[in-house]
Amino acid sequence: MNRISWDQYFMAQSHLLALRSTCNRLAVGATIVRDNRIIAGGYNGSIAGGTHCIDDGCYVIDNHCVRTIHAEMNAIIQCAKFGVPTANAEIYVTHFPCLQCCKSIIQAGIQAVYYAEDYKNHPYAIELFEQAGVKMEKVKMIQPIDVYGKQKQDFVHSLLQQLEATGVDQEELSKLQQKAYQLFND
Ligand SMILES: [Zn+2]
Ligand SMILES: [Zn+2]
């Protein structure tokens, strides 16, 4: 059994949060972590109870959707709302933070930014992170999290065994076995 790393676990959480995004422009998720515990999460979306971009279209000014609060900001604000300290925390984001979020991350005392995708990485954001001693590290999602992975693997395995019992062409069978192996072991 493969145990996933903390990095993969927190990044998976951010990808999951991104699926809750309500803006058509970009689906972003952010997870704030302290001592390997998730303390807050956010995705880019409207204020609570507000109109959603996915329902009414984006509200674009100067090529930016002004309706949404970014995922990182939502996660930090959640900490403010419930009185959870962010000093020395870490943040896992699906995309490299924008300049505004970068400044808020630094000001919140967050020490490390782990991101899955480059996204218009602003040179000034990088400069500010460096000045503040905030670690930046790209963490790719290595494997999609599939909670039914084991069942699927067992099912395909049993199908291949049944196929073998029918006396199917050996060459064809080994091609299928190889494909199944690649699917479940990469
Ligand atoms: Zn929008
Ligand atoms: Zn942002």
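Each value, and the rule that gives it
- Residues numbered from 1 in each chain as written.
- Chains lettered and ligands numbered in written order.
- Predicted model: local features only at pLDDT ≥ 70, side-chain atom pairs only at ≥ 80, totals over all residues.
- UniProt positions renumbered as here; feature names shortened; annotations may be inferred.
- Core = buried A, V, L, I, M, F, W, Y, C linked by C-beta atoms within 7 Å.
- Buried ≥ 20, exposed ≤ 12 C-beta atoms within 10 Å, placed from the backbone.
- Helix = DSSP H or I, 4+ residues; strand = E, 2+ residues; numbered from the N terminus.
- Domains from an automatic or database assignment.
- Contact = placed C-beta atoms within 7 Å.

- An unreviewed UniProt entry lists the protein under the name ComE operon protein 2, from Peribacillus asahii.
- Per UniProt, the protein carries the Cofactor (unreviewed entry) text "Zn(2+)".

**Focus: the nonpolar core**
Piece 1. A30, I91, V93 and I105 are the most contacted members of the largest nonpolar core, which totals 31 residues.
Piece 2. Considering every element that reaches this core, the biggest residue donor is helix 1 (residues 6-18), with 5 residues.

**What about the domain arrangement of the protein?**
Piece 1. The assigned domain composition of the protein is domain 1 (6-138) and domain 2 (148-185).
Piece 2. Taking only C-alpha atoms, the centre of domain 1 and the centre of domain 2 are 41 Å apart.

**What to know about the environment of N121**
Piece 1. Within the secondary structure, N121 sits in the loop between strand 6 (112-117) and helix 5 (123-132).
Piece 2. Overall, N121 belongs to the partly exposed group, with 16 C-beta atoms counted inside 10 Å.
Piece 3. Between the C-alpha atom of N121 and that of V84, which follows or precedes it by 37 residues, the distance is 28 Å.
Piece 4. Discounting residues that sit within four places of it in the chain, N121 has contacts with F96 and I126.

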